[in-house]
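Residue-level structure breakdown
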Amino acid sequence: MKPTKLTFINGKPTLVSYDKVVRTDNDKAYNFHRNVEESDYVKFYHSTEWKHKRQEILERDYGLCQRCGMDAELVDHIIPSKDDWNDRLNNDNLQSLCRGCHKIKTKREWMKHHKGMESYMNINIVCGLPASGKTTYVKRHMTEHDLIYDYDELMHALSGLPMQQGNHDIHDYITLFFDQLLRKLKAEQTFNNVWIIKTLPDKRIDTLLSNYHRINHIVIVADPNICEERLRERKEQISFQKILNSFKTADFTGYRVVKNG
Ligand SMILES: [Zn+2]
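Below is a summary of the structure that appears in this document. Here the structure is a predicted model, which is why all the values come from computation and not from measurement.

Observations regarding the environment of Arg-214
For Arg-214, the location among the structural elements is in the loop between α7 (203-208) and β8 (215-221). A relative accessible area of 19% places Arg-214 in the buried class. Distance from Arg-214 to Asn-122, taken between C-alpha atoms, is 5.3 Å for residues 92 residues apart in sequence. In this structure, Arg-214 is in contact with Tyr-120, Met-121, Asn-122, Ile-123 and Gln-189, ignoring residues within four places of it in sequence.

What follows is the structure, given as structure tokens:
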């Protein structure tokens, strides 16, 4: 792969190949764009109405960063004012942040812009029996900037029990977390892929995802005897027959079958 560098084309940060000369071609447009925008910004951030608004939001948020809860140092536009100038004084679009959290948010926004319109975030739901090779499949197909939501791993982490022995109370918490996660994912779409690893299809997750159109449903199909054998080797105490029965009767309509082993 060719090395890349960050440059500005018409005022927008863009990655181009290292030896590409962009600025000279675009200097005029870039400078024009920047001057107009900057004068508006400078005026806005020095205005009395912004100073009052800033104070109002800090008081509303009790002077706390709305992401990490530490002392807030600035007031941030949730949707950047560059993208939505009209909402620059709307309370619902303003939040108090610390510098650290603001830096992370700005970096994410930059990535979203830089990925542009040719790149989209895919959500992949990967189902399959325990030890059927779901994680291996994901590891083989993932990129360097993905998010993996592994239901069983979360159940294990939150309950302290073996992977498949979760309970309904914790299930609710994991789904609640997914709900929050999804809202953020849909708004920011900064990942290349999101992988959701589960044993069985989940209507609730499908419902939460219903208006997201870049979803792939994948089911890993492996010989149940081999799965059971692998689990025995790993000394995982689970009621495999029960899971197998649920798996056999589950509705995999719309799932792409990937055979493993
Ligand atoms: Zn913070």
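Details of unusual backbone geometry
Backbone geometry places Tyr-62, a non-glycine residue, at a positive phi of 55 degrees. Note on placement: Tyr-62 falls in the loop between α2 (48-60) and β3 (74-77).

Looking at the packing of helix α8 (residues 224-233) against helix α9 (residues 240-249)
Here α8 crosses α9 at 145 degrees, and the two axes come no closer than 11 Å. Once α8 is placed against α9, the crossing between them reads as right-handed. On the side of α8, the interface is formed by Pro-224, Cys-227, Glu-228 and Leu-231, while α9 contributes Phe-240, Gln-241 and Leu-244. Across the contact of α8 with α9, the residue classes tally to five nonpolar, one polar and one charged.

Here's the deal with the pattern of salt bridges
Considering all chains together, one arrives at seven salt bridges under this definition. For Arg-99, the salt bridge goes to Glu-73, with nearest N and O atoms at 3.9 Å. Of the two residues, Arg-99 sits in helix α3 (residues 99-115) while Glu-73 sits in the loop between α2 and β3, which places them 26 residues apart along the sequence. You can call Glu-73 partly exposed: its relative accessible area is 39%. Notably, a salt bridge pairs Glu-229 with Arg-232, separated by 2.9 Å at the nearest N-O pair. Placement of the pair is Glu-229 and Arg-232 together in helix α8, with a separation of three residues, close to one helical turn. Classification of Glu-229 as partly exposed rests on a relative accessible area of 36%.

Topic: the coordination of the zinc ion
Coordination sphere of the zinc ion, protein contribution only: Cys-65 (SG), Cys-68 (SG), Cys-98 (SG) and Cys-101 (SG), at 2.3 Å. Considering all four donor atoms around the zinc ion, the spread of angles at the metal, 104 to 119 degrees, places the coordination shape in the tetrahedral class. Linear spacing of the donor residues for the zinc ion on their chain is C-x2-C-x29-C-x2-C. This pair shows no difference in class: Cys-98 is buried, exactly as Cys-101 is.

Section: the pairing of β3
Side chains Leu-74 and Asp-76 of β3 all project onto a buried face; the interleaved residues Val-75 and His-77 project onto the opposite face, where all are buried too. Strand direction decides the pairing type here: β3 and strand β4 (residues 94-97), joined by four bridges, are antiparallel. Residue pairing across strands places Leu-74 opposite Leu-97, the latter belonging to β4.

Rules of the game
- Residues numbered from 1 in each chain as written.
- Predicted model: local features only at pLDDT ≥ 70, side-chain atom pairs only at ≥ 80, totals over all residues.
- Heavy atoms only, no water.
- Helix = DSSP H or I, 4+ residues; strand = E, 2+ residues; numbered from the N terminus.
- Buried < 20%, exposed > 50% of the residue type's maximum accessible area, 1.4 Å probe, protein only.
- Contact = heavy atoms within 4.5 Å.
- Axes fitted to C-alpha atoms, helices over the stretch in contact; angles between N-to-C directions.
- Left-handed = near helix turned anticlockwise from the far one by under 90°.
- Nonpolar A, V, L, I, M, F, W, Y, C, P; charged D, E, K, R; others polar.
- Salt bridge = Lys/Arg side-chain N within 4 Å of Asp/Glu carboxyl O.
- Donors = N, O, S within 2.8 Å, 3.2 Å for Na, K, Ca; no water.
- Tetrahedral: all angles 85-135°; square planar, octahedral: opposite > 155°, others 65-115°.
- Pairing = 2+ DSSP bridges.

Spatial relationships are all this shows, so hold off on functional conclusions.
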